[in-house]
There are 2 protein chains.
Amino acid sequence: MKQHNDDPKQRLIDTASDLLRRRGLNSTSIRELAKHANAPLGSTYHYFPGGKPQLIGIAVTQTGQRIGKLLSKALAAGPVAGLEAFLAQWRSVLLQGEFKAGCPVIAVASDDSSAEGEGVPLAAAAEVLQSWVRLISDRLRERGQKEEEAMATATLIVAAVEGGILLCRAEQSITPFDRVAKLLIQQLKQQMSEQA
Amino acid sequence: MKQHNDDPKQRLIDTASDLLRRRGLNSTSIRELAKHANAPLGSTYHYFPGGKPQLIGIAVTQTGQRIGKLLSKALAAGPVAGLEAFLAQWRSVLLQGEFKAGCPVIAVASDDSSAEGEGVPLAAAAEVLQSWVRLISDRLRERGQKEEEAMATATLIVAAVEGGILLCRAEQSITPFDRVAKLLIQQLKQQMSEQA
DNA sequence: GCTAAGCTATGACGAGTGTCATAGCAAGGG
DNA sequence: CCCTTGCTATGACACTCGTCATAGCTTAGC
């Protein structure tokens, strides 16, 4: 079967996500990317004629969908369960990457790259973030929250998690994330009980 | 008097903060920086023998102190007033920069640059973030919150604000920030009333 | 006026960047 | 068998990067 490991194209995408997490957008070069993916440099432009912006855009979108699927499944068991899974996911990324690895979406959003076709990755990042917010807020609305309230809560969750990841990267410690996580869960539980 | 505008050194620092906000760490080059600051390239290494890491580090620290001072003053009128000032500050940065400008501290924290003396800027970023958290949490403790609770609340605030800034950059809109801000204030007010 | 210190101007260095063109290879269908 | 099609290998293009050395200028103090 054609799987991750013998499909150079997919390997390039995965490597892009990984490098994006650890180095950021502008510190991730096509050459280094190809080397890590065990793919020839020339192949990059064969599989991705749109060049770096296209590859990065795809990597961001794909990572977003992967996490979105995980989030979606966990949310089926309720908003709190969904949040807990979302948090656990990021916590493990931070720990396994020893606080060098963050979120590829953040990497794209912080680096400008306001060049030519470079709006592509940023647009991908925006859509991923919005999709996460939508997943959570939809579930909150099913639990009786009003539209705007649900959007606010979901946005706060995503913002706080991404921000927490940044704090951990900065001070090389999991503490900020754990503090943020504990409070988010506590507040969400409280909101749910008020609704019931 | 020797003021901002005729001191090349200070002008370089200010320009560094500005470029950091808008372009990110690795997209901010010394050459561009010097040009924007109307300073000769050679002068950069005269004033900052430590090169780019030193200049970036100073810019981050200085921006952090500026905002820290503002935050500190506003906190004197109470935690809620402090939060409101903090939020207003960032909101105006986002609007004035048309969502292209974020926080220099975030820029440094997301970009790796795990090179040689490059731990310097990251350490500066960490200290700035911790100082903001400390300012807020100290004030919360004075209002009766326990150490850990105060730290958690303060960390959530900083993380959510920085995360909110990222969301706004991504989707080129102030909406995420406003949602986050509203909820943060509402929750803090509630915490304060419970304490009283 | 003259010297000393502080700053600027200029240009180079090696390395790295995204991008692409072209020549080569392997394998599959006719 | 040949020959098309899909991929790889190689190397070049025109930059830009951080950094630094050195020579020149300006200005203040004696």
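Criteria and cut-off values
Residues numbered from 1 in each chain as written. Chains lettered and ligands numbered in written order. Predicted model: local features only at pLDDT ≥ 70, side-chain atom pairs only at ≥ 80, totals over all residues. Heavy atoms only, no water. Core = buried A, V, L, I, M, F, W, Y, C linked by side-chain atoms within 4.5 Å. Buried < 20%, exposed > 50% of the residue type's maximum accessible area, 1.4 Å probe, protein only. Contact = heavy atoms within 4.5 Å. Buried area = accessible area lost by both parts, 1.4 Å probe. Salt bridge = Lys/Arg side-chain N within 4 Å of Asp/Glu carboxyl O. Helix = DSSP H or I, 4+ residues; strand = E, 2+ residues; numbered from the N terminus. Least-squares fit on C-alpha atoms with pLDDT ≥ 70 in both. Near = heavy atom within 4 Å. Polar contact = N/O pair within 3.5 Å; in protein donor to acceptor, adjacent residues only side chain to side chain. Nonpolar A, V, L, I, M, F, W, Y, C, P; charged D, E, K, R; others polar. 1 Å grid on protein atoms, 1.4 Å probe; cavity = no way out; pocket = protein on both sides within 12 Å on 5 of 7 lines; lining within 4 Å. Points joined across faces, edges and corners; volume = space filled by probe spheres on them. Axes fitted to C-alpha atoms, helices over the stretch in contact; angles between N-to-C directions. Parallel < 35°, antiparallel > 145°, perpendicular 65-115°, else oblique. Left-handed = near helix turned anticlockwise from the far one by under 90°.

Draft legend 1. Here's a closer look at the nonpolar core. If you look at the biggest cluster of nonpolar residues, it comprises 110 residues, and the most contacted ones within it are Trp90, Trp132 and Phe177 of chain A together with Trp90, Trp132 and Phe177 of chain B. Aside from chain neighbours lying at most four places away, what touches tryptophan 90 of chain B is Arg21, Ile67, Gly102, Cys103, Trp132, Val161, Ile165 and Phe177 of chain B.

Draft legend 2. Representation of the interface of chain B and chain A in the model. Contacts between the two partners involve 39 residues from chain B, matched on the other side by 39 residues from chain A. Counting each side, the surface lost to burial between chain B and chain A is near 3,600 Å², with a carbon and sulfur contribution of 62%. Considering only the surface of chain B that becomes buried against chain A, Leu156, Leu167 and Arg179 of chain B emerge as the three largest contributors, covering 17% of it. Taken together, the links from chain B to chain A amount to two salt bridges. For the side of chain B that touches chain A, the secondary-structure elements that each account for two or more residues are helix H1 (8-23), helix H6 (104-110), helix H7 (119-142), helix H8 (147-171) and helix H9 (175-195) of chain B.

Draft legend 3. How the structure looks around the relation of the copies chain B and chain A. Once chain B has been moved 0.0 Å along the axis and rotated by 180°, it coincides with chain A to within an RMSD of 0.0 Å. Put plainly, the chains are arranged around a two-fold axis. A shared interface surface links the copies, since 100% of the contact residues of chain B are contact residues in chain A too.

Draft legend 4. Main features of the protein's contact with DNA strand D. Around DNA strand D, the surrounding shell holds 14 residues, and the nearest of these are Ser43 of chain A together with Ile30, Arg31, Tyr45 and Lys52 of chain B. In DNA strand D, atoms within 4 Å of the protein come 66% from sugar and phosphate. Note that a phosphate oxygen of DNA strand D is positioned 3.0 Å from one of the side-chain N or O atoms of histidine 46 of chain A. One of the side-chain N or O atoms of tyrosine 45 of chain B is found 2.8 Å from a phosphate oxygen in DNA strand D. Sorting the residues of the surface near DNA strand D by element identifies helix H3 (41-47) of chain A together with helix H2 (30-36), helix H3 (41-47) and helix H4 (51-75) of chain B as the ones contributing at least two each. Partitioning the surface near DNA strand D into residue classes produces six nonpolar, five polar and three charged.

Draft legend 5. Structural view of the layout of surface pockets. Taken as a whole, the largest pocket holds about 550 Å³ of empty space. The wall of the largest pocket is formed by 22 residues, among which Gln187 and Gln190 of chain A together with Gln187, Gln190 and Gln191 of chain B lie closest to the centre. Where the lining of the largest pocket is concerned, the elements lending two or more residues are helix H8 (147-171) and helix H9 (175-195) of chain A together with H8 and H9 of chain B. With eight residues, the single largest contributor to the lining of the largest pocket is H9 of chain B. For the lining of the largest pocket, the class distribution of residues is four nonpolar, ten polar and eight charged.

Draft legend 6. Focus on the side chain of glutamine 187 of chain A. Tracing the chain through its elements places glutamine 187 of chain A in helix H9. According to the relative accessible area criterion, glutamine 187 of chain A is buried, its value standing at 12%.

Draft legend 7. Structural detail: the environment of valine 93 of chain B. All names here are of chain B. Locating valine 93 in the fold gives a position in helix H5 (residues 79-96). Looking at valine 93, the relative accessible area reads 14%, which means it is buried. Taking the C-alpha atoms as reference points, valine 93 and arginine 179, separated by 86 residues in sequence, lie 17 Å from one another. Aside from chain neighbours lying at most four places away, what touches valine 93 is Arg21, Ala101 and Gly102.

Draft legend 8. Up close: the packing of H8 of chain A against H7 of chain B. Contact pair H8 of chain A / H7 of chain B: the axes reach a minimum separation of 8 Å and the direction vectors enclose 125°. The angle between H8 of chain A and H7 of chain B places the two elements in the oblique class. For the pair H8 of chain A and H7 of chain B, the sense of crossing is left-handed. Where H8 of chain A approaches H7 of chain B, its residues Leu167, Arg169, Ala170 and Glu171 of chain A are matched on the opposing element by Leu122, Ala126, Leu129 and Gln130 of chain B. Residues of the contact of H8 of chain A with H7 of chain B, tallied by class, amount to five nonpolar, one polar and two charged.

Draft legend 9. Summary view of the pattern of salt bridges. Under the counting rule described, the total for this entry stands at 14 salt bridges over all chains. One salt bridge in this structure joins arginine 179 of chain A and glutamate 148 of chain B, with 3.0 Å as the shortest N-O distance. Note that arginine 179 of chain A is positioned in helix H9 and glutamate 148 of chain B in helix H8, a pairing that runs across two chains. Judged by relative accessible area, which is 16%, arginine 179 of chain A ranks as buried. Using a relative accessible area of 41% as the deciding quantity, one classes glutamate 148 of chain B as partly exposed. Note that arginine 141 of chain B is salt-bridged to glutamate 147 of chain B, the shortest N-O span being 3.5 Å. Given the relative accessible area of 47%, glutamate 147 of chain B is considered partly exposed. Each of the salt bridges in this network shares a partner with another, and the network as a whole consists of Asp138, Arg141 and Glu147 of chain A.

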